[in-house]
Amino acid sequence: MKKICILLLTTLLLVSCGSKKAIVTDSPSVSVEKPETPEAKTQHMEMFMRQVLDNAQTTKNISSKIDFRIQQGSKDISVSGKIQMRKDEVIRIQLNVPVLGMEAGRLEFTKDYALIVDRVHSQYVKGDYNELSFLKEKGLNFSTLQAIFWNELFLLGKPKVTESSLSAYEVTMGPAETILRQSYENMNCAWTTETADGKIQRVDVTYNSKQHGNTSMGCDYDDFKPLGGKMFPNKLLLNIDGKSTGKAHDMKVEIKMKGISTDSNWDSFTTLSKKYKAVTAEDVLKILMSL
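The text that follows walks through the structure, step by step, so that each part is easy to find. The shown structure was predicted, so the numbers you read here are calculated from the model rather than taken from an experiment.

Structural notes on the side chain of Gln-146
Now for step 1: Along the chain, Gln-146 turns up in helix 4 (residues 142-149).
Now for step 2: Overall, the relative accessible area of 7% leaves Gln-146 in the buried class.
Now for step 3: Aside from chain neighbours lying at most four places away, what touches Gln-146 is Arg-86, Lys-87, Asp-88, Glu-89 and Ile-91.

Here's what the structure looks like:
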């Protein structure tokens, strides 16, 4: 009996010790995550901004067939066409006559001028960015237009964004989206980017015009595909404030690229024959909208 009692006591002690050990071992450890220091936050934002800048295209030329759609009020027009862009030289959009496929008109933006051509009626308008009201009242010039079409940042008052100028942007970082803001005199700009990879998803531009008050334009980017070692949006959706066009309704322009390439076998600038006559921008835009 004495041996049995000793055995029972020994067993109880072993179980007790094992239970205590299990309780100590199985307790979940609680880790307290230290808040990010101001220095670490600054470093994180700087790395992110460099990533956004590094996403910019390095190719010199972009060319593609396009589906072009414009909506304003009750009008909804879709035509085929082509887009050709040569970095720091030109942005050109050619629009075709529906069904026939021949070129009906083109929009061409260079450093020195903007050109709108009506091929059907052999007329055109050409002027610098301060002469054409539909551009002037948006505060747009070649540098800003190029950055919008190339899915890049732009810095107001500067021809190019460099790593040394990234501190000019106000950065608000979130888990999914990061907003970059930059203001200059009477223009405010905001870029919505993906926090994970710094890809620009949208840009919004608000301009305080003397004639129209606050006008705005936004561009959404979609359908990103590889191009020249980078990702490039094959779909752009421009939303333009109706006040800036002198119309009661806002305007939406959708450009879908098809078969995008880096082809460079095309002329940078359009040369018109003497049969073309100069008219006002409003006249040409009115005709193009009626196609």
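Brief notes about the pairing of strand 11 (residues 213-227)
Now for step 1: Two strands pair when backbone bridges link them, and strand 10 (residues 200-209) and strand 11 are joined in this way by eight bridges, in the antiparallel orientation. Paired with Asp-204 across the two strands is Gly-218, which belongs to strand 11.
Now for step 2: Two elements, strand 11 and strand 12 (residues 230-240), share ten bridges in a ladder whose sense is antiparallel. Its bridge partner lying in strand 12, Gly-218 is registered against Asn-239.
Now for step 3: Linking strand 11 to strand 12, which pair antiparallel, is a turn of two residues; within it Gly-228 sits at a positive phi near 60°.

Quick notes on helix 2 (residues 38-54)
Now for step 1: The first and last C-alpha atoms of helix 2 sit 24 Å apart over 17 residues, in line with the 24 Å expected at 1.5 Å per residue.
Now for step 2: Taken together, the buried positions of helix 2 are Phe-48, Met-49 and Val-52. Viewed end-on, helix 2 has its buried residues packed into an arc of 100°, placing them on one side of the element. Of the exposed residues in helix 2, the ones pointing more than 90 degrees away from its buried face are Glu-39 and Asp-54.

Digging into the pattern of salt bridges
When their charged atoms lie close together, side chains carrying opposite charge are able to pair.
Now for step 1: Taken as a whole and judged by the stated rule, the model has 13 salt bridges.
Now for step 2: Between Asp-204 and Arg-202 there is a salt bridge; the shortest N-O distance is 2.6 Å.
Now for step 3: Classification of Asp-204 by relative accessible area gives partly exposed; the value is 26%.
Now for step 4: Between Lys-235 and Glu-254 there is a salt bridge, and its shortest N-O distance comes to 3.7 Å. A residue pair is termed long-range when its members are at least 10 positions apart, and Lys-235 in strand 12 and Glu-254 in strand 13 (residues 251-261) qualify at 19 residues.

Topic: helix 4
For the α-helix, the turn length of 3.6 residues means that residues three or four positions removed from each other point alike.
Now for step 1: Of all the eight residues making up helix 4, seven are buried; the element is thus mostly covered by neighbouring parts of the structure.
Now for step 2: Measuring from the side-chain oxygen of the N-cap residue of helix 4 to the backbone nitrogen of Ser-143 gives 3.1 Å; that N-cap residue is Asn-141.
Now for step 3: One or two steps after helix 4, the chain reaches Asn-151, where phi turns positive at roughly 60°.

Rules and cut-offs
- Residues numbered from 1 in each chain as written.
- Predicted model: local features only at pLDDT ≥ 70, side-chain atom pairs only at ≥ 80, totals over all residues.
- Heavy atoms only, no water.
- Helix = DSSP H or I, 4+ residues; strand = E, 2+ residues; numbered from the N terminus.
- Buried < 20%, exposed > 50% of the residue type's maximum accessible area, 1.4 Å probe, protein only.
- Contact = heavy atoms within 4.5 Å.
- Pairing = 2+ DSSP bridges.
- Expected span 1.5 Å × (residues − 1).
- Arc of directions from axis to C-beta.
- Salt bridge = Lys/Arg side-chain N within 4 Å of Asp/Glu carboxyl O.
- Polar contact = N/O pair within 3.5 Å; in protein donor to acceptor, adjacent residues only side chain to side chain.

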